[in-house]
Amino acid sequence: TFMVVNIEIDSDKLSTIIDKYLDGKDSKFIKDLISLEKNYYSKGTIIKIADANFLGVLAKQFIDEVIPNTKVLCPPYDTSLELGKKTLLKSLVPGKCFISLGELNVKVQVNGLGGRNTHFVLSMAYDLFYLNKLRLSPEELKKIFILSVGTDGSDGPTDAAGAFFSYNEFQKCSAKEICEEITKFESYHFFKRLGTLIKTGPTGTNLMDLRVICI
């Protein structure tokens, strides 16, 4: 999360402002995160509070409580979904949980309803479950869980932040149906029918997208 202020500000002044509105633990937490950078596009200062890497640290801490040794993967930010997915598939191995950060762009070919997160989940589900690109056993397929959300609470043009897909959903859908939905770019309506859309509402922050894949 970044904030651009068009005034001259230093770390001492910023620390005073934070202390005015936050107490104790919260104040220290924010001050440990914040850094100041020059804004080269206009006058003023960029206050950097957190970024996708920090999101990865928090997500790993949370998931490690359930699935130890979660691995954080950082494909190039703002790359295409296909390139990002290809990078991820090379890293995934059975028995682990993976966190992927940044945004994967989708080039929409037709006028369907969805966002990059729901489209990613649908596309990755097709690769892992139906094409079985990792050559997993039937028992290993049962352990797959795929989730992708926008941290701002909105997945592009929809009211969903993202969606998830697991073996339970795999049993309800055919390969033909998944392929058709991908082609029509209708991931939103697909996950709405399944009941696996994730709706958080606006979160008030934006650290790009968070993807979680458990194998």
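Residues numbered from 1 in each chain as written. Predicted model: local features only at pLDDT ≥ 70, side-chain atom pairs only at ≥ 80, totals over all residues. Heavy atoms only, no water.

### Observations regarding the confidence of the model for the protein
Item 1. Residues at a pLDDT of 70 or more form 87% of the protein, whose mean pLDDT is 86.
Item 2. The least confident element of the protein is strand S1 (residues 2-5), whose mean pLDDT is 47; the most confident is strand S9 (residues 162-166), at 98.
Item 3. In this model residues 2-6 is a low-confidence stretch, pLDDT under 50, and it forms 16 contacts with partners more than four residues away in sequence or in other chains. (pLDDT = per-residue confidence, 0-100. Helix = DSSP H or I, 4+ residues; strand = E, 2+ residues; numbered from the N terminus. Contact = heavy atoms within 4.5 Å.)

### Things to note about the pattern of salt bridges
Pairing between side chains of opposite charge can happen when their charged atoms approach one another.
Item 1. Tallied over the entire structure, the rule returns 9 salt bridges.
Item 2. Where Glu181 meets Arg193, a salt bridge forms, and the shortest distance between an N and an O atom there is 2.9 Å. With Glu181 in helix H8 (residues 175-184) and Arg193 in helix H9 (residues 187-194), this residue pair connects regions lying 12 residues apart in the sequence.
Item 3. When its relative accessible area of 7% is taken as the criterion, Glu181 is described as buried.
Item 4. We classify Arg193 as exposed; its relative accessible area is 53%.
Item 5. The network of salt bridges with shared partners includes Glu82, Lys85, Asp127 and Lys133. (Salt bridge = Lys/Arg side-chain N within 4 Å of Asp/Glu carboxyl O. Buried < 20%, exposed > 50% of the residue type's maximum accessible area, 1.4 Å probe, protein only.)

### Side note on helix H5 (residues 116-130)
One turn of an α-helix holds 3.6 residues; hence residues three or four places apart share an orientation.
Item 1. The first and last C-alpha atoms of H5 sit 20 Å apart over 15 residues, in line with the 21 Å expected at 1.5 Å per residue.
Item 2. In terms of burial, H5 is a largely internal element, 14 of the 15 residues being buried.
Item 3. Downstream of H5 by a residue or two, Asn132 has a phi angle that is positive, lying close to 50 degrees. (Expected span 1.5 Å × (residues − 1).)

### Quick notes on the sheet that holds strand S8 (residues 145-150)
Item 1. Taken together, 6 strands build an open sheet; the order of strands is S4-S6-S11-S8-S9-S10 and the sheet is mixed. The open sheet terminates on both sides in strands that have one partner only, identified here as strand S4 (71-73) and strand S10 (197-198).
Item 2. Direction of pairing for S4 relative to strand S6 (residues 97-101): parallel, over a ladder of 3 bridges. Each bridged residue has a counterpart across the sheet, and for Leu73 the counterpart in S6 is Ser100.
Item 3. Along the sheet, helix H3 (residues 52-64) contacts S4, S6 and strand S11 (209-214); its crossing angle with S6, the most-contacted strand, is approximately 160 degrees.
Item 4. Relative to the sheet, H9 contacts S9 and S10, its axis offset from that of S9 by approximately 60 degrees. (Pairing = 2+ DSSP bridges. Axes fitted to C-alpha atoms, helices over the stretch in contact; angles between N-to-C directions.)

### With respect to the packing of helix H1 (residues 11-21) against helix H2 (residues 24-33)
A pair of packed helices is captured by two measures, namely the crossing angle of their axes and the spacing between those axes.
Item 1. At a closest axis distance of 9 Å, the pairing of H1 and H2 adopts a crossing angle of 150 degrees. One way to sum up the angle between H1 and H2 is to call them roughly antiparallel. Handedness of the H1/H2 crossing: right-handed. Residues Ser15, Ile18 and Asp19 of H1 form the contact with H2, whose participating residues are Ser27, Ile30 and Lys31.
Item 2. Across the contact of H1 with H2, the residue classes tally to 2 nonpolar, 2 polar and 2 charged. (Parallel < 35°, antiparallel > 145°, perpendicular 65-115°, else oblique. Left-handed = near helix turned anticlockwise from the far one by under 90°. Nonpolar A, V, L, I, M, F, W, Y, C, P; charged D, E, K, R; others polar.)

### Things to note about the packing of aromatic side chains
Item 1. Per the stated rule, a full pass over the model turns up 7 aromatic pairs.
Item 2. Aromatic pair Phe129 and Phe170: ring centres 4.9 Å apart, planes at 20 degrees, arrangement stacked. In this pair, Phe129 sits in helix H5 while Phe170 sits in helix H7 (residues 167-170), placing the two residues 41 residues apart along the sequence.
Item 3. Residue classification places Phe129 among the buried positions, given a relative accessible area of 4%.
Item 4. Among the aromatic side chains, those forming a connected cluster through ring pairs are Tyr126, Phe129, Tyr130, Phe165, Tyr167 and Phe170. (Phe/Tyr/Trp six-rings, centres within 6.5 Å; stacked < 30°, edge-to-face > 60°.)

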